[in-house]
Amino acid sequence: MSTISIRNSIEPAMDPLIESRIYVTLGSSLASVRVLEAVIESGTSSDLSGKVVRCDLRALEQHGKWHLVSSQQYDLTNALEGALTRLKRSLLRQRKHRNLGSP
């Protein structure tokens, strides 16, 4: 079972929905993860177009490898979805690499 930690400085009331979204998006990929940390915070964009939401995800696999991904968007939903998609891709890539290396 994965341990999921969420630090959300934007909308803490959304934490249960964020955790559900993590389970739904990652699905079976979450089985290989021991610890998943999500940090969601707001900031300003570099092109001066206003506030942005940054979502950083750190995942520790059962094999000891860390995956670090982040996404920066103009709303919470898109930032979370972008980071989760990148993490899922990274986990799948690592699993394929491990499977190709075994006899």
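Counting from 1, residues in each chain are numbered in the order their sequence is written. The model is predicted, so local features are restricted to residues of pLDDT at least 70 and side-chain atom pairs to those at 80 or more, both for listing and for counting; the totals for chains, interfaces and linings are taken over all residues. Working from all heavy atoms in the structure, the side-chain values ignore hydrogens and water.

Caption draft 1: The arrangement of the overall build of the chain in detail. Helical segments are the DSSP runs of H or I of at least four residues, strand segments are the runs of E of at least two, and each set is numbered from the N terminus. Helix and strand content of the chain: two helices and four strands. Secondary structure elements of the chain occur, N-terminal to C-terminal, as β-α-β-β-β-α. Each of the three principal axes of the chain carries a C-alpha extent, and together these read 50 × 30 × 20 Å. When the 103 residues of the chain are sorted by exposure, 36% land in the buried category. In the chain, the proportion of contacts linking residues at least 24 apart, taken out of those at least 6 apart, comes to 49%. Calculation of accessible area relied on Shrake-Rupley with a 1.4 Å probe; when residues are assessed, cover is drawn exclusively from the protein chains displayed. As displayed, the chain offers around 6300 Å² of accessible surface, 53% of which is attributable to carbon and sulfur atoms. Burial here depends on accessible area, computed with a 1.4 Å probe over protein chains only, as a share of the maximum for the residue type. Under 20% is buried, over 50% is exposed, and the range in between is partly exposed. Between two residues, a contact is recorded if the distance between any of their heavy atoms is within 4.5 Å.

Caption draft 2: Looking closely at the sheet that holds strand β4 (residues 66-73). Strand order in the open sheet formed by four strands is β1-β2-β3-β4, and the pairing between neighbours is mixed. Two strands bound the open sheet, and with one partner strand each, they are β1 (3-8) and β4. Neighbour-to-neighbour, the strand axes of this sheet turn through a mean angle of 10°, independent of strand direction. Any two strands between which DSSP finds at least two bridges are classified as paired. For strand β3 (residues 51-61) and β4, the ladder comprises eight bridges, and the chain directions are antiparallel. Residue pairing for β4: Asp56 is matched across the bridge by Ser70. Every axis in this analysis is a line fitted to C-alpha atoms, fitted for helices over the stretch in contact. Angles between the N-to-C directions lie between 0 and 180 degrees. Along the sheet face, helix α1 (residues 15-26) touches β1 and β2 (33-44) and points at about 135° away from the line of β1.

Caption draft 3: Spatial organisation of the pattern of salt bridges. When a carboxyl oxygen of Asp or Glu is within 4 Å of a side-chain nitrogen of Lys or Arg, the pair counts as a salt bridge. One pass over the full model with this rule turns up three salt bridges. Close ionic contact of Arg54 with Asp56 constitutes a salt bridge, the shortest N to O distance being 3.1 Å.

Caption draft 4: Molecular detail of the nonpolar core. Of all hydrophobic cores here, the largest spans 22 residues; its most connected members are Ile18, Ile22, Leu26, Leu36, Cys55, Leu57 and Leu87. The set of elements that each furnish at least two residues to this core consists of β1, α1, β2, β3 and α2 (76-101). Broken down by element, the residue count for this core peaks at seven residues, all from α2. With sequence-adjacent residues up to four places away left out, Cys55 is seen in contact with Val39, Ile40, Val69, Ser70, Ser71, Ala79, Leu80 and Ala83. Here the nonpolar core consists of buried residues drawn from Ala, Val, Leu, Ile, Met, Phe, Trp, Tyr and Cys, with membership extended through side-chain atoms lying within 4.5 Å.

That's the geometry; what it means functionally is another story.
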